[in-house]
Amino acid sequence: MQSHYRADPARYTGMTYRRSGRSGLDLPAISLGLWQNFGGTDVFETGRAVLRRAFDRGVTHFDLANNYGPPPGSAEENFGRVLATDFKAHRDELIVSTKAGYDMWPGPYGSWGSRKYLTASLDQSLTRMGLDYVDIFYSHRVDPRTPLEETMGALDHAVRQGKALYVGISSYSPEMTRRAAAILKDLGTPCLIHQPSYSMLNRWIEGGLLDALEETGIGCIAFSPLAQGMLTTKYLNGQPTDARAAKGGTLKAHFLSPENLERVRALDAIATRRGQTLAQMAIAWVLRDPRVTSALVGARNVEQLDNSLDALKNTAFTPEELAEIDRHAVDGGLNLWQNSSNARSRLIRRKPT
């Protein structure tokens, strides 16, 4: 068991904070996601050390979802353990977010975007984390069979119940984002933030989503800025046996095509000239656009976390660097969440009055 935790008094001196869209909320430029490495099959004390270190370095936003683990729910349970001990005195300094949208329990009410599922899922998430409310509650993906009004109505309901302070959406197309934002505005609960995948090898949000977010005043938190680990030095010399791609995870083996690896090596050379690791440059590059509020990173250990956070030491790019990066930062077929972004939810057709 680790010793009693005392937060670093200087924790806010090294972090940059950015306003989320046209809201009153600032988020750290780099947030920590618990998608991987914090579940019941992982070493609890390792994850706990990462969480402590993150907060000591000014990371105030911790991003979860109901199904994070494995097993599903265990990341929230483990985070709840750390909240109850190390972070108990710091709850009002934290932004805790969770989501619902993917498979969570058996039967017709354990997935997608119905009011039934979202409401029940949030209640379960609050119980697992030992919280009265979360700061942000997301619709994790578009449900093409449920009216968007119902899904957005469930988010509004969570705020009115006092179980969430803000709401967000994830992997919605520009069109669906505008529709969701309009519905939430009419309900009186503005959409705070959108969470899309975005990296130098997955630039889909530049095709209209960032414009939609700017128009609607919604912030953007980019997940998988390291392209599921491809934008690190791990794969420069091929696929190591302990890599995520070798374990059948979200980084598919076919992502490591000769063309993609050639791009990664070229980008690594640019990062080296900048005095950064490839991961640091990848994070800084995502943050180059002021419409991106925060980059969402994961971490297996404290060393990996520190490497990512050190990206903030050099976030400036010359026009020449950006032009060179653009020659190699092209779509690598990595967007696992494209189905959600391409989906269109049902629209309730109201009769004219």
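In what follows, the accompanying structure is described. All figures in this text were calculated on a predicted structure; none of them were measured in a lab.

When its secondary structure is counted, the chain shows eleven helices and ten strands. For the chain, whose C-alpha radius of gyration is 20 Å, the value lies close to the compact-globule estimate of 20 Å for 353 residues. With the C-alpha coordinates of the chain rotated into their principal frame, the extents come out at 65 × 50 × 40 Å. Taken across its 353 residues, the chain has 56% of its residues classed as buried. The long-range fraction of contacts in the chain, counting pairs at least 24 apart against all pairs at least 6 apart in sequence, stands at 78%. Working note: accessible area of the chain is about 15,300 Å², and carbon and sulfur atoms make up 50% of it. Of the side-chain charges in the chain, 42 are positive and 38 negative, and the distance between the mean point of each set is 4 Å.

Looking now at the nonpolar core. Nonpolar side chains in soluble globular proteins generally cluster together in the buried interior. Of all hydrophobic cores here, the largest spans 95 residues; its most connected members are Leu32, Phe62, Phe79, Phe87 and Met200. Of all the elements, helix 8 (residues 278-286) adds the most residues to this core, at eight residues. Of all hydrophobic cores here, the second largest spans eleven residues; its members include Ile95, Leu192, Ile221 and Phe223.

Looking now at helix 7 (residues 258-274). Over its 17 residues, helix 7 extends 25 Å from the first C-alpha to the last, a length consistent with the 24 Å expected when each residue adds 1.5 Å. Listed in full, the buried residues belonging to helix 7 are Asn260, Leu261, Val264, Ala266, Leu267, Asp268, Ile270, Ala271 and Arg274. Packed against the buried residues of helix 7 are helix 8 and helix 10 (319-328). Count one or two residues on from helix 7 and you reach Gly275, which has phi positive near 80°.

Scanning the entire structure with this criterion turns up 25 salt bridges. With its nearest N and O atoms 2.7 Å apart, the salt bridge here joins Glu76 to Arg128. You can see Glu76 sitting in helix 2 (residues 74-84) and its partner Arg128 sitting in helix 3 (residues 115-129), a full 52 residues away along the chain. Salt bridges linked by common partners bring Arg53, Arg57, Asp306, Asp310 and Lys313 together as one network.

Attention now moves to the pairing of strand 9 (residues 219-223). Extensive coverage of strand 9 is indicated by the burial of five of its five residues. Judged by which residues are buried, strand 9 turns out to be covered on both faces: Gly219, Ile221 and Phe223 on one side and Cys220 and Ala222 on the other are all buried. In terms of strand pairing, strand 8 (residues 191-195) meets strand 9 through two bridges, oriented parallel. Within strand 9, the position partnered with Ile193 by the bridge is Gly219. Once the chain exits strand 8 it traverses helix 6 (residues 209-216) before rejoining the sheet at strand 9, and the crossover so formed is right-handed.

Right, let's get into the environment of Trp204. Summarising the element assignment, Trp204 is placed in the loop between strand 8 and helix 6. Sequence separation between Trp204 and Ser173 is 31 residues, and the spatial gap between their C-alpha atoms is 9.7 Å.

Evaluated as defined, the whole model comprises zero disulfides. In this structure Cys191 is not part of a disulfide, and its nearest cysteine sulfur, from Cys220, lies 11 Å away.

What counts and what doesn't
Residues numbered from 1 in each chain as written. Predicted model: local features only at pLDDT ≥ 70, side-chain atom pairs only at ≥ 80, totals over all residues. Heavy atoms only, no water. Helix = DSSP H or I, 4+ residues; strand = E, 2+ residues; numbered from the N terminus. Rg over C-alpha atoms; globule rule 2.2 N^0.38 Å. Buried < 20%, exposed > 50% of the residue type's maximum accessible area, 1.4 Å probe, protein only. Contact = heavy atoms within 4.5 Å. Areas by Shrake-Rupley, 256 points an atom, 1.4 Å probe, with all protein chains shown as cover. Lys, Arg positive; Asp, Glu negative; His and termini not counted. Charge placed at Lys NZ, Arg CZ, Asp CG, Glu CD. Core = buried A, V, L, I, M, F, W, Y, C linked by side-chain atoms within 4.5 Å. Expected span 1.5 Å × (residues − 1). Salt bridge = Lys/Arg side-chain N within 4 Å of Asp/Glu carboxyl O. Pairing = 2+ DSSP bridges. Right-handed = clockwise from strand over helix to strand, strands pointing away. Disulfide = S-S within 2.5 Å.

Shape is all these values report; function is a separate question.
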